[in-house]
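# Structural characterization, general
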Amino acid sequence: MLPLSHEISEWMNDPFIHNFVPPWQFPGVPGSCQGNLETGDPVEVLANPDFPVTINGFTYHPQIEAILPWFTREVPSSAISGAYSYPDTTKLTGPSQACQ
């Protein structure tokens with residue numbers, strides 16, 4: 001479920017891979033940079049990038065996703081509760097860092 005949710009979110013946000021954003025650094029990986037709206041990529045390098053959801057006794061593990069204010073370095077975030085990631089708002093607690 002995690003890889004599928006990762007790719008579906010990226011496809012829905014940037015279906016033709018033409019949504020460029022300010023170059024950003026992967027959290028905790030200095031020097032590793034990217035400049036497009038790949039919503040799953042910033043979170044995939046973090047520990048426990050999934051958000052377990054149990055439905056009818058089966059637990060699914062969709063990936064937590066970075067949201068637009070993280071990519072645009074919006075401070076404070078205009079998202080509900082000042083979030084930078086969804087659905088676990090504690091995974092990314094501030095905006096992206098510029099690529100060094």
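Residues numbered from 1 in each chain as written. Predicted model: local features only at pLDDT ≥ 70, side-chain atom pairs only at ≥ 80, totals over all residues. Heavy atoms only, no water.

### Some thoughts on the overall build of the protein
Broken down by element type, the protein carries three helices and six strands. Counting helices and strands in the order they occur from the N terminus, the protein gives α-β-β-α-β-β-β-α-β. A compact globule built from 100 residues should have a C-alpha radius of gyration of about 13 Å, and the protein, at 13 Å, falls within 12% of that. Taking the principal axes of the C-alpha coordinates as reference, the protein spans close to 45 × 30 × 25 Å. For the protein, the residues scored as buried account for 35% of the 100 residues in total. Restricting the contact set of the protein to residue pairs at least 6 apart, pairs at least 24 apart contribute 44%. For the protein, the accessible area works out to roughly 5900 Å², and carbon and sulfur atoms hold 62% of it. (Helix = DSSP H or I, 4+ residues; strand = E, 2+ residues; numbered from the N terminus. Rg over C-alpha atoms; globule rule 2.2 N^0.38 Å. Buried < 20%, exposed > 50% of the residue type's maximum accessible area, 1.4 Å probe, protein only. Contact = heavy atoms within 4.5 Å. Areas by Shrake-Rupley, 256 points an atom, 1.4 Å probe, with all protein chains shown as cover.)

### Focus on the side chain of Asp-14
Position of Asp-14 relative to the elements: it lies in the loop between helix H1 (2-13) and strand E1 (20-25). Buried charge without a partner: Asp-14 forms no salt bridge, and the closest opposite charge is Arg-73, 15 Å away. Polar contacts involving the side chain of Asp-14 include one to the main-chain amide nitrogen of His-18, which spans 2.9 Å. If we ignore the near neighbours within four places in the chain, the residues touching Asp-14 are Asn-19, Asn-36, Leu-37 and Glu-38. (Lys, Arg positive; Asp, Glu negative; His and termini not counted. Salt bridge = Lys/Arg side-chain N within 4 Å of Asp/Glu carboxyl O. Polar contact = N/O pair within 3.5 Å; in protein donor to acceptor, adjacent residues only side chain to side chain.)

### Let's talk about the state of the cysteines
The tally for this structure, following the rule as stated, stands at one disulfide. Sulfur-sulfur distance for the disulfide between Cys-33 and Cys-99 comes to 1.8 Å. With the S-S dihedral at roughly 100 degrees, the linkage between Cys-33 and Cys-99 falls on the right-handed side. A residue pair is termed long-range when its members are at least 10 positions apart, and Cys-33 in strand E2 (residues 33-36) and Cys-99 in the segment after strand E6 (85-86) qualify at 66 residues. (Disulfide = S-S within 2.5 Å.)

### Considering the nonpolar core
Residues Val-21, Trp-24, Phe-26, Leu-37, Val-43, Ile-64, Ala-66, Trp-70, Phe-71, Tyr-84 and Leu-92 constitute the largest nonpolar core, which totals eleven residues. Breaking this core down by element, the ones donating at least two residues are E1 and helix H3 (68-72). With residues near it in sequence (within four places) discarded, Phe-71 still touches Val-21, Pro-22, Trp-24, Asn-36, Leu-37, Glu-38, Thr-39, Pro-42, Ala-66 and Ser-96. (Core = buried A, V, L, I, M, F, W, Y, C linked by side-chain atoms within 4.5 Å.)

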